[in-house]
Each structure stands twice: as structure tokens, then as C-alpha cells.
Amino acid sequence: MSEELTGAEITIRCLQEEDVECIFGYPGGAVLFIYDELFKQDKVKHILVRHEQAAVHAADGYARSSQKVGVALVTSGPGVTNAVTGIATAYMDSIPLVVISGQVPTNAIGLDAFQEVDTVGITRPCVKHNLLVSDVNELATTIKKAFYIAATGRPGPVLVDIPKDVTQQKIVFEYPEKLSMRSYNPVIRGNSKQIKKAVDLILSAKRPVVYSGGGVILSDAAKLLTDLTRMLGFPCTNTLMGLGGFPATDKHFVGMLGMHGTYEANMAMQYCDVLIAVGARFDDRVIGNPKHFSNENRKIIHIDIDPSSISKRVKVDIPIVGNVPDVLKELTKLLKQRQDEMDEKALDEWWKQIDLWRERDCLKFNRESDIIKPQLVVEKLYDVTKGEAFVTSDVGQHQMWAAQFYKFDKPRRWINSGGLGTMGFGLPAAMGVMFANPKSKVACITGEASIQMCIQELSTCKQYRLPIKIVNLNNRYMGMVRQWQEFFHGNRYAESYMDALPDFIKLAESYGHVGIRVERPEDVEGALQEAFKLKDQLVFLDFITDQTENVFPMVPGGKGLSEMILV
Amino acid sequence: MENEAGALSRVAGLFSARGYNIESLSVAPTEDATLSRMTLVTSGSDEVIEQVTKQLNKLIEVVKVIDLSDGNHIERELMLVKVRAVGADRDEIKRLVDIFRGCIIDVTDKSYTIELTGTSSKLDAFIGAVDSSTVLETVRTGASGIGRGDWTLKV
């Protein structure tokens, strides 16, 4: 066991110790020794992307659709700067990633060497933590730390920067079994006193709402949340990041809330008297204007593992810091014993009010249209895949329609960049999903603007034969930009028109994929069926959709949740 | 916080990224060489200070955060001031330094260099008391703070 290994060998051994099955990366000068070691083994599979941004998005999609930490490997300098968008995307959505970056040799750091950037400095504001390994003796512990920090507490991306000389130096390898860090001890159990207070408040509720976010998905608490909500009979709304945390087909589900949330969800949020926020953070796209939100009297219980998420934008009454599943278990246990204390009559009245709001039918669209309505495509995708697909998306109108019309019943099926809003995320994320769930149906709902931001990954999909179905809602506009310009900028469509689009069918074909263009509403379902029948092929479905369609409801920026623009 | 490279920039970066202001910041290793102690002076509403505390706690290298102004504490800052001291000013400045319980630590025929320790407001008061036209240069360390009495901040 006293055999000496190089830093590069140690890096790979650490990945093996962490049971990493596949990593996404792109080679370059500073990581050549690491790639050499990758070559010599077959436990850790390396997926070669076409751009480092895609490597991180793919690792991100892999992590979101599984319970594992995603891993990306990039070289120094431009390798890292390209990866930054991916890292920031993962950071905003609290996705556990370990990004390993090469660095110039230690004796060249600070001398403006070729392909040198201050990686730790550049990534500092968009990582949970980052570490420069300046001594090979620290390497194994540092990688262990990176995985530990990424996956525990509120998850997030951790970057490990390894100078080239460190990958060459030899020492005896030993992987630490345990880590103890005096400055990092995430809270697990919630404060029992606070939980008891929450129980009292929940039992006193007349107009309750459960508002659940991405934290429920990340902590694998979907089942606990669903059981608890059903037991209480409370209405539940999910954030964009929380879709699938509570089944969308359940009668207690009132839809997504927020800027493009349903009328009933937003009204219920605004006018509830007890709000149970679980793994969510009251962000600007969710509650709109916080002042307007606070105009209504309601008591708020907020369960979150990150204390800094609590009382950040909205003052809460009962904060419970803890791991969501642990807190929910304790809550459920206590509530079960006192279920008879609930105000069933008030709850019935509340449901009647919600049903009235539901009658507003806020997601209606013209089903008789001769031009393809984007909503229809998502609906048909849901039907054709029987709601079982993993759906990734890019950012914009198509993302909102996907969130509104694909009814996610299971967690980790809806993969999108919610916090950072990164166009170009969808396709590489779908690649990651494919590697984590090889036998599953994977669709990428995108638009003709977003898809072009990482279109080069069609090549990666060819190399690894990834049968992703790309659902391109092609309206020849940057749709969401156009919508804002229509509503708030006097119909001046500044630079939001996508002129000179490629022929996506030919483009897909040139990469060796299948392309299908769909121009009539009656062909939508058939095309989707055909695409999913091609089990081993990536199919690029180019739906020519209505250019003027807008996403409704909409809470304009700075407005209150109940001040929606409705169709 | 951990006495590690980059820890300081993480704190400074957090303040600039989130729009908090740093009035002063002083940091040095402690008797335990693996630890550094930082005293940071900031201002804001209770909500902002709560967020600042939480955000600082979130930094991996930060071991413990306390708000010294929550309880009794002692605060000191060191200032070095170089003033023009000629003619009658020499005696006047010397008297002023004595009143503020500072000391003159360097002398030339044209200037004094004064060392003064105290709360930040005492140092401000001294600067206010000397004729501003005589002040040639000042350098201040920023406040360092410690709890009063037997109470200690231990890791």
C-alpha cells in the first residue's frame, strides 16, 4: 500500500473512492496528466463535451436528475472562464457539483503565464466553496472536502483548482475516511420548540397554503411533503424549482406560483392566513413586490437548511432551520396526534374560494388556432410521454409553458435553470440526465434562440448516441424579451427578432440526427409519437409556433402577486 | 476564521457582492496559528445586520461570528498621525497629545509623529482638535474589539 502515486493518479483515485461513474470535461494543457490517468483506467467514464459551459451544465443535469454529485473537469484559463456560467447556474439553484480545474504550475502562478487566470478569484462569488491545491499532500483531503461540502447542508458547486506540477508530484496515496471541519457543521434537526410552535399555528389555520421549493427536491423530501399535505388537506403550490415536489395531478395542487404562476396559486399565497414555506426562498420572481406581499396579514412558517434564506426578503414568524426531511418527519409525527384539532369547516370554505379562483381558467389558450400554439406542444408532449419523461428546458417563454403545462408528478423530472436563468442550459443538461438515467425518455423543451447557445453539443450527443428529443418551440423571436417589449416598451422589438435562423432540420441531419419540422397543429401529436418511437436517435423537432403568443398569467416586475395580467 | 489564504478576500468579496458596507476591517492570526481573528465594523438596519451575520456564517472558512455590539465590549483602534510642528505649535500639539493620552514617537525639527489608541470616535475627536492644516498624514488600523469581563469568544 505504500506505493507512491502522482497527483494526477490521486485525483482519479479520489473520484473512484467517491463512486463517481462519469465526469464531463474537455482536455487542455494544465490537465493533461489527469487525462493521461483517465485514459489508463475504466472505472470513471469521461464524457467529452464541445464547450466547457456544457460540461458543467451536463454535470448539473446529471446531479439534478439523480441524487449524486455531478463532476466536471476543465483546463486552466479559458477552460475555467467558459465553465463559469455553468458554475453560477448550479450555484443559484444549489446543485451539488465538484468542478476540477487545471491551473498553471505553482511557480508560474501570478506571472501571467499562458492560460493563467485567477480561478479561485473568478469563481469565488459563484461557488459554495473553492480550493486551490498548492501541495500534493493536501490533494486527497481537498477533494474529499469538496465532495463533502458540495453534497451536505445547502448543496452547491465546489471548485478544486489543481496546478499542473501538483498533478506530477508523487506521494503515498491515502484517502481520508472521515473529515472533521470545525467551521462547517450543517444543521440537521430543527429546533423542537420551533416545530411545536409551528404545529400550533398549523392547527389554528383557516386559510393555509403549503409553498414548497427546490429544497424539497434537493433533500429528497417530496414524499414526506406530499404525505403531510394530503394528511392536512391543505392546498399546495410549487415554485419553478419545486415542480414535482408535490404531484401536479393531485387535487390539492393549485399550480406553480410566481411571475407566471396560476391565478389560484398566487391568490392563495396572497390571501392565506398561514403560510408553510418549505425549502423555498421568497425570491423576486415568486412573491413579486415584497412590500405588497406584506400588506396582507399572514403568519409564516419557514423551513430551510440555510439560515440566510430565512427572513431575507420577507420577515417570517416561525423560522425552522434544519434538513427538510428531518423537520417534516417531526412535524408529521406531532400533527398526526392532534389532527382532530384542525378547523375543517374553515378549510372547506377556503377550498371553495380556491375553486372559484380556479374557475378563472388562467391557463386557457386558443385550441382552435390554425397556427401551432406552444402550449399545445407541451400538452401533447405530456400525453405522448405519459408524464414520465425527464424534461429539461432553456430559458424564456418555452420554459414557462413547460412548467405550466407539463404536469410533473415526480421530483427530479423537471430540470431547468431557475435562479440564474441560463439560456443554453437545456441541451447539455439533457445529456447529463441521459447519463444518469440511460433508459429514460428525455426531452429538451427549448426555443430557437436558447438552443443556439449550446448547439455544438449536438456533436456530443452524436458521439455518445444520446436519444434526446429536442422540442424546439420556434417562434422566430426571443419570445420572453419580445413579450416584455410588447407589454412594457411600446412594442419596440429591439433586437429580439431572430433573423437568419439556420435550417434546424438540416443542421440536425448534418450532425447525424433526425430532424422533423412541424407546421400544423394537427401534426403535433403524430410528430412527437414518431420521435419517441425512434428510441436510439436524437430527434430535433422544430415546431413553427405562433409568434404572438404570450405567457399568462403575468405578475409584472415590481407588482404584487395578486396584480396579475390575465389572458 | 481559518488562517488560510483567500479567507479575507472571501469576506471582503461577500460585502461588496451583497452591497454591505465595510467601515473598517482588521485581521491578524491569533495565539492559535491556525486561526485568524477579524474585527469588522459595518452599519445597517437590524435586518441587514442579521443577514450580514448569517452570510458570514455561511462562509466555509468562518468559524464563528459574534456581534460585539450586542453586549458590553471594549473597542480600540490605533492611529499614527504625522503633523507639522513648528514654533508655538510644538508645545500646543504636545499638550493636546497628553490630553488624549497619546505619545509622540518620532520627532524632526518640522514634525511630530503621534501614536494614539482608543475608540474610533476618540481618534476622530483628536483629528478634530488639531488644526487640520497641520495634519500631514494619518494612518489608522480600524477597530479591534473584545468582550468585556470574563466572557470570551472561544472556538
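All of the points below concern the structure found in this document. From a predicted model like this one, the values you see are computed outputs, not experimental measurements.

## Regarding the pairing of strand S3 (residues 45–48) of chain A
Residues and elements named next belong to chain A.
Part 1: As defined by bridge partners, strand S2 (residues 22–25) adjoins S3 across 4 bridges and the pair is classed as parallel. When the bridges of S3 are listed, phenylalanine 24 appears paired with isoleucine 47.
Part 2: You can see the chain leave S2, run along helix H2 (residues 32–39) and come back into S3, and the turn it takes is right-handed.

## Looking at the sheet that holds strand S13 (residues 299–304) of chain A
All names here are of chain A.
Part 1: Pairing is parallel across the open sheet formed by 6 strands, whose spatial order is S11-S10-S9-S12-S13-S14. Both outer strands of the open sheet, strand S11 (253–256) and strand S14 (318–321), are each paired with one neighbouring strand and no more. For this sheet, the mean angle separating the axes of adjacent strands, direction not counted, is 15 degrees.
Part 2: Examined bridge by bridge, strand S9 (residues 208–212) and strand S10 (residues 236–238) share 3 bridges and lie parallel to one another. Bridge pairing links tyrosine 211 to threonine 237 in S10.

## Observations regarding the environment of glutamine 115 of chain A
Part 1: Relative to the helices and strands, glutamine 115 of chain A resides in the loop between strand S5 (97–103) and helix H5 (119–123).
Part 2: Beyond its immediate chain neighbours, meaning those up to four positions away, glutamine 115 of chain A contacts Gly29, Ser76, Gly77, Pro78 and Val104 of chain A.

## Some points on the packing of helix H8 (residues 192–203) of chain A against helix H14 (residues 324–337) of chain A
Residue and element names in this part refer to chain A.
Part 1: One way to put it is that H8 packs onto H14 with a least axis distance of 10 Å and a crossing angle of 50 degrees. Judged on the interaxial angle alone, H14 and H8 are oblique. In the packing of H8 onto H14, the handedness of the crossing is right-handed. Contact with H8, carried on its side by Ser192, Ile195, Lys196, Ala198, Val199, Ile202 and Leu203, involves Val327, Glu330, Leu331, Leu334 and Leu335 of H14 and no other residues of that element.
Part 2: When the residues that make up the contact of H8 with H14 are grouped by side-chain class, the tally is 9 nonpolar, 1 polar and 2 charged.

## A short note on the nonpolar core
Residue and element names in this part refer to chain A.
Part 1: One finds Phe282, Ile301, Leu331 and Phe543 to be the most contacted residues of the largest nonpolar core, which totals 101 residues.
Part 2: If near-sequence neighbours (up to four positions away) are discounted, phenylalanine 282 is found in contact with Tyr211, Leu275, Ala277, Ile287, Phe293, Ile300, His302, Arg313, Val314 and Val316.
Part 3: Core analysis: the next-biggest nonpolar cluster, separate from the first, contains 50 residues, Ala63, Val99, Ala430 and Leu466 among them.

## What to know about the pattern of salt bridges
Residue and element names in this part refer to chain A.
Part 1: Considering all chains together, one arrives at 36 salt bridges over all chains under this definition.
Part 2: With a closest N to O distance of 3.3 Å, arginine 189 and glutamate 330 form a salt bridge. Highlighted residues: arginine 189 in the loop between strand S8 (170–172) and H8 and glutamate 330 in helix H14, separated in sequence by 141 residues.
Part 3: Of the residues examined, glutamate 330 reaches a relative accessible area of 16% and is grouped as buried.
Part 4: The salt bridge partner of lysine 206 is aspartate 343, with a shortest N-O separation of 2.9 Å. Here the residue lysine 206 occupies a position in the loop between H8 and S9, and aspartate 343 occupies one in the loop between H14 and helix H15 (344–358), the gap between them amounting to 137 residues.
Part 5: Since its relative accessible area comes to 25%, aspartate 343 is described here as partly exposed.

The rules behind the values
- Residues numbered from 1 in each chain as written.
- Chains lettered and ligands numbered in written order.
- Predicted model: local features only at pLDDT ≥ 70, side-chain atom pairs only at ≥ 80, totals over all residues.
- Heavy atoms only, no water.
- Pairing = 2+ DSSP bridges.
- Helix = DSSP H or I, 4+ residues; strand = E, 2+ residues; numbered from the N terminus.
- Right-handed = clockwise from strand over helix to strand, strands pointing away.
- Axes fitted to C-alpha atoms, helices over the stretch in contact; angles between N-to-C directions.
- Contact = heavy atoms within 4.5 Å.
- Parallel < 35°, antiparallel > 145°, perpendicular 65-115°, else oblique.
- Left-handed = near helix turned anticlockwise from the far one by under 90°.
- Nonpolar A, V, L, I, M, F, W, Y, C, P; charged D, E, K, R; others polar.
- Core = buried A, V, L, I, M, F, W, Y, C linked by side-chain atoms within 4.5 Å.
- Buried < 20%, exposed > 50% of the residue type's maximum accessible area, 1.4 Å probe, protein only.
- Salt bridge = Lys/Arg side-chain N within 4 Å of Asp/Glu carboxyl O.

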